[in-house]
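# Summary of the model geometry
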Amino acid sequence: MTVNTVAHLNFRGQARAALEFYQSVFGGQLTLATYGDFGMPTELPDATKVVFGQVVADNGFRVMAYDVPGQDTPATPAAPTTHRENGTTITEERFFLSVRGETLEEVGALWERLAEGATIIEAFGPAQWAPAFGMLSDRFGVTWILDVAAEYVPA
């Protein structure tokens with residue numbers, strides 16, 4: 001199975017929940033910390049609550065996630081936007097992460113785990129270019145494309 005090598009995701013108050021979810025989907029090691037753990041300045045709002053961390057999955061995929069101080073809203077798929085907040089320039093952009101597997105069973109199982117609480121954009125099923133293809137926006141607003149590559153399917 002091939003997955004984007006590293007994903008950097010920005011959230012607002014949901015990094016911990018997102019990382020725990022991605023660990024449940026991909027497996028691997030979860031590491032979490034707060035800005036306060038590193039002695040960030042006290043003027044940073046909620047320094048002891050703002051979480052960052054990563055999941056290093058068993059297949060080598062790494063998801064890094066950060067909380068952006070501010071309102072508790074998830075990262076949402078949209079055109080890139082840039083704004084200033086607490087003296088920091090924040091760019092939010094559409095996230096497309098892809099998973100390509102060798103078998104329907106391999107990718108189908110991953111689809112089922114990611115689909116929990118997700119918005120299905122295109123159902124997981126046969127496509128002209130692949131034995132199976134699907135796209136969803138997971139519960140955290142991150143868009144995933146999953147497919148089984150045609151070159152992996154026996155003639």
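The preceding data block contains the structure.
Just so it is clear, the structure is predicted and the values come from calculations on it, not from any experiment.

### Observations concerning the overall build of the protein
Scanning the protein from terminus to terminus reveals two helices and 11 strands. Counted from the first residue to the last, the protein has its helices and strands arranged as β-β-α-β-β-β-β-β-β-α-β-β-β. Scored against the burial criterion, the 155 residues of the protein give a buried share of 37%. By sequence separation, contacts in the protein at least 24 residues apart represent 54% of the contacts at least 6 residues apart. Carbon together with sulfur atoms contributes 52% to the accessible area of the protein, which is approximately 8,400 Å² in total.

### With respect to the pattern of salt bridges
Tallied over the full model, the rule gives two salt bridges. Measuring nitrogen to oxygen at the nearest pair gives 2.7 Å for the salt bridge that ties Asp147 to Arg100. Of this pair, Asp147 sits in strand S11 (residues 143–148) while Arg100 sits in strand S8 (residues 96–101); the two residues are 47 residues apart in sequence, bridging distant segments of the chain. The partner of Arg139 in a salt bridge is Glu116, and the shortest N-O contact between them spans 2.8 Å.

### Remarks on the packing of aromatic side chains
Both the distance between ring centres and the angle between the ring planes are used here to describe each pair of aromatic rings. Enumeration according to the criterion identifies nine aromatic pairs in this entry. Taking 5.9 Å as the distance between ring centres and 55° as the angle between the ring planes, the aromatic pair formed by Phe21 and Phe140 counts as tilted. Placement of Phe21 in helix H1 (residues 15–26) and of Phe140 in the loop between strand S10 (130–137) and S11 is noted, with a sequence separation of 119 residues between them. Taken together, the aromatic side chains of Phe21, Tyr22, Phe26, Phe61, Phe140 and Trp144 make up a single cluster linked through ring pairs.

### Regarding the sheet that holds strand S5 (residues 62–67)
Reading across the sheet, the four strands line up as S2-S5-S4-S3 and stay open at both edges, with mixed pairing between neighbours. The open sheet terminates on both sides in strands that have one partner only, identified here as strand S2 (6–11) and strand S3 (29–34). With direction set aside, neighbouring strand axes in the sheet form an average angle of 10°. Running at roughly 175° to S3, H1 makes contact with S2, S3, strand S4 (51–56) and S5 of the sheet.

### Some details on the sheet that holds S11
In spatial order, the strands read S1-S8-S11-S10-S9; together these five strands make up an open sheet with mixed pairing. Unpaired on one side and paired on the other, strand S1 (2–3) and strand S9 (119–127) mark the two borders of the sheet. Sheet topology places S10 next to S11; six bridges connect them, and they run antiparallel. Of the residues in S11, the one forming a bridge with Gly134 is Leu146. On the sheet, helix H2 (residues 104–114) packs against S8, S9, S10 and S11 and is oriented at approximately 160° with respect to S11.

### Topic: the packing of H1 against H2
Contact geometry for H1 and H2: axes closest at 9 Å, N-to-C directions at 155°. The angle between the axes of H1 and H2 places the two elements in the roughly antiparallel class. For H1 against H2, the interelement crossing comes out right-handed. Counting all contacts with H1, which are made through Phe21, Tyr22, Ser24, Val25 and Phe26, the residues of H2 involved are Leu110, Arg113 and Leu114. For the contact of H1 with H2, the per-class residue count stands at six nonpolar, one polar and one charged.

### Some thoughts on the nonpolar core
Ranked by size, the top nonpolar core spans 30 residues in total, and within it Phe11, Tyr22, Phe26, Phe61, Leu114, Trp144 and Leu146 carry the most contacts. Broken down by secondary-structure element, the contributors of at least two residues to this core are S2, H1, S4, S5, S8, H2, S10 and S11. In terms of residue count, H1 provides more of this core than any other element does, seven residues in total. Setting aside its immediate chain neighbours within four residues, Leu146 contacts Val99, Val107, Leu110, Trp111, Leu114, Phe124, Ala132, Phe133 and Gly134.

### Notes on the pairing of S9
Consecutive side chains of a regular strand alternate in pointing toward one face of the sheet and then the other. Alignment of S9 against S10, held across five bridges, turns out to be antiparallel. Bridge pairing in S10 links Ile120 to Leu136. Linking two consecutive strands that pair antiparallel, namely S9 and S10, is a turn of two residues.

Rules and cut-offs
Residues numbered from 1 in each chain as written. Predicted model: local features only at pLDDT ≥ 70, side-chain atom pairs only at ≥ 80, totals over all residues. Heavy atoms only, no water. Helix = DSSP H or I, 4+ residues; strand = E, 2+ residues; numbered from the N terminus. Buried < 20%, exposed > 50% of the residue type's maximum accessible area, 1.4 Å probe, protein only. Contact = heavy atoms within 4.5 Å. Areas by Shrake-Rupley, 256 points an atom, 1.4 Å probe, with all protein chains shown as cover. Salt bridge = Lys/Arg side-chain N within 4 Å of Asp/Glu carboxyl O. Phe/Tyr/Trp six-rings, centres within 6.5 Å; stacked < 30°, edge-to-face > 60°. Pairing = 2+ DSSP bridges. Axes fitted to C-alpha atoms, helices over the stretch in contact; angles between N-to-C directions. Parallel < 35°, antiparallel > 145°, perpendicular 65-115°, else oblique. Left-handed = near helix turned anticlockwise from the far one by under 90°. Nonpolar A, V, L, I, M, F, W, Y, C, P; charged D, E, K, R; others polar. Core = buried A, V, L, I, M, F, W, Y, C linked by side-chain atoms within 4.5 Å.

Any link to function would need more than the numbers given here.
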